Amino acid sequence: MWFGCVWLSAQTEYNFSVLEGVYEPLTEGDTISRNLPWAEEDFYFELPYDVSIMGLSSNKFRAMQGAIRMDSIINGMPMNVVASAFATDLRSKASQPSASPIILQTNGAPGERITTLEFRNAHFELLDGVTDFVNFQIKYFEKDRSIEYHYGESKTDVIEEVSNNQSIIFGGLVGIALGDSMDLVDGYLLNGFADNPMVVRRYEVLQGFPQADNIFRFTPKTTLTQDAVNGHCS
């Protein structure tokens, strides 16, 4: 993601909250990973409406390892917005890729559509795609431009033990952020431990994995007309 930090004014202000709700796996939708093995691959998809994140809008995205990304040009410079539920070195199950699909679903009437991207049974690259797994969703709500991360059943005992033995922090990038290939320009990222996260405006990694049925919600404080920048990505 990003390693340095260049501060610019925020394009959209967000509130963060932690909620609880029963995790509901998708029962239908498009398997954009096409049941192929995946690790570092990203999967392009388009939506039937524009999504607004950090003041930028697009209907074109890429699903990555635990996140979605939209690309843009700002002042002649390539930029991307990332909405990340748990960006880390994830992959499909090594022996059965079809068991780890990335599924996309959009439903609802125009103006109130909800888009869900589900990472089902995702495994950890460090364990070569076996044993531990996680389930989570990225949800976007057209009505108020909120983003929610929903967390389902997971097993992380082995990856935590391996991480501890190698003095590696087990965790992932969680939140929303604007940046280029090297620098974080602005963002709302979670810091601390997954059972008590806090928002920071710098590059940080959330330690641990959220409990099943946890929901992390990012809600804009401003309207579209109040956003400092209201561009369209290509």
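Remember, predicted model here, so these are calculated numbers, not experimental data.

**Considerations on the overall build of the chain**
Looking only at helices and strands, the chain has one helix and 18 strands in total. Per-residue burial for the chain yields a buried fraction of 53% across its 234 residues. Taking the contacts inside the chain whose residues are at least 6 apart along the sequence as the reference set, 63% of them involve residues at least 24 apart. Taken as a whole, the chain presents about 10,900 Å² of accessible surface, with 49% of it coming from carbon and sulfur.

**A few points about the pattern of salt bridges**
Between side chains of opposite charge, a pair can form as their charged atoms come close. The full count for this structure, using the stated rule, is 12 salt bridges. Of the charged contacts in the structure, one is a salt bridge between Glu 112 and Lys 143, with a shortest N-O distance of 4.0 Å. One end of the pair, Glu 112, is in the loop between β9 (102-107) and β10 (114-124); the other, Lys 143, is in the loop between β11 (134-141) and β12 (146-151), with 31 residues separating them in the sequence. Under the relative-accessibility criterion, Glu 112 is labelled partly exposed at 49%. A relative accessible area of 65% places Lys 143 in the exposed class. The partner of Asp 144 in a salt bridge is Arg 217, with the nearest N and O atoms 2.9 Å apart. Here Arg 217 lies in strand β17 (residues 214-220) and Asp 144 lies in the loop between β11 and β12, a separation of 73 residues in the sequence. On the accessibility criterion, Asp 144 (31% relative accessible area) is partly exposed. Counted as one network, the salt bridges with shared partners bring together Glu 13, Asp 186 and Arg 201.

**Regarding the nonpolar core**
Core analysis: the biggest nonpolar cluster contains 48 residues, and Ile 53, Leu 117, Phe 136, Tyr 149 and Ile 176 have the highest contact counts within it. Residue contributions to this core peak at six residues, all from strand β4 (residues 43-53). Core analysis: the next-biggest nonpolar cluster, separate from the first, contains seven residues, Ala 67, Leu 173, Leu 184 and Leu 189 among them.

**Observations regarding the pairing of β17**
With seven of seven residues buried, β17 lies mostly within the body of the structure. Because side chains alternate across β17, one face comprises the buried residues Asn 214, Phe 216, Phe 218 and Pro 220, and the other comprises Ile 215, Arg 217 and Thr 219, equally buried. Both strand β2 (residues 14-20) and β17 contribute to a ladder of seven bridges, which runs antiparallel. Its bridge partner being in β17, Val 18 is matched across the sheet by Phe 216. Two strands pair when backbone bridges link them, and β12 and β17 are joined in this way by four bridges, in the antiparallel orientation. When the bridges of β17 are listed, Tyr 149 appears paired with Phe 216.

**A look at unusual backbone geometry**
Of note, Arg 34 is a non-glycine position whose phi angle comes to about 55°, a positive value. Inspection of the secondary structure assignment puts Arg 34 in the loop between β3 (30-31) and β4. Accessibility expressed as a relative area gives 54% for Arg 34, which makes it exposed. We note that Asp 128 has phi near 60°; this positive angle belongs to a residue other than glycine. In this fold, Asp 128 is placed in the loop between β10 and β11. Classification of Asp 128 by relative accessible area gives partly exposed; the value is 48%.

**As for the confidence of the model for the chain**
Model confidence for the chain is summarised by a mean pLDDT of 90, while 90% of its residues fall at 70 or above. Low confidence marks residues 228-234, where pLDDT is under 50. Its contacts with residues over four positions away, or in another chain, come to 21 contacts.

**Let's talk about the environment of Leu 184**
By the element assignment, Leu 184 lies in strand β14 (residues 183-191). Remark: the alpha-carbon pair of Leu 184 and Arg 201, spanning 17 residues in sequence, is separated by 9.5 Å.

Reading the values: the criteria
- Residue numbers run consecutively from 1 along every chain, following the written order of its sequence.
- Whole-chain, interface and lining totals are the exception, using all residues; otherwise, since this is a predicted model, local features are given only for residues with pLDDT of at least 70 and side-chain atom pairs are given and counted only at 80 or more.
- As a convention, hydrogens and water are excluded, and side-chain values are obtained from all of the structure's heavy atoms.
- Numbering of helices and strands runs from the N terminus; a helix is a DSSP stretch of H or I covering at least four residues, while a strand is a stretch of E covering at least two.
- Buried means the residue's accessible area, taken with a 1.4 Å probe over protein chains only, is under 20% of the maximum for its type, while exposed means over 50%, and partly exposed covers the values in between.
- Working rule for contacts: check all heavy atoms of both residues, and any pair within 4.5 Å makes them a contact.
- The method behind every accessible area is Shrake-Rupley, applied with a 1.4 Å probe, and residues are considered shielded solely by the protein chains displayed.
- Each salt bridge in this description consists of a side-chain nitrogen of Lys or Arg and a carboxyl oxygen of Asp or Glu lying within 4 Å of one another.
- What makes a nonpolar core is a set of buried Ala, Val, Leu, Ile, Met, Phe, Trp, Tyr and Cys residues whose side-chain atoms join them at distances within 4.5 Å.
- When DSSP locates at least two bridges between a pair of strands, those strands are taken to pair.
- A residue's pLDDT is simply how confident the predictor is in it, with values from 0 to 100.

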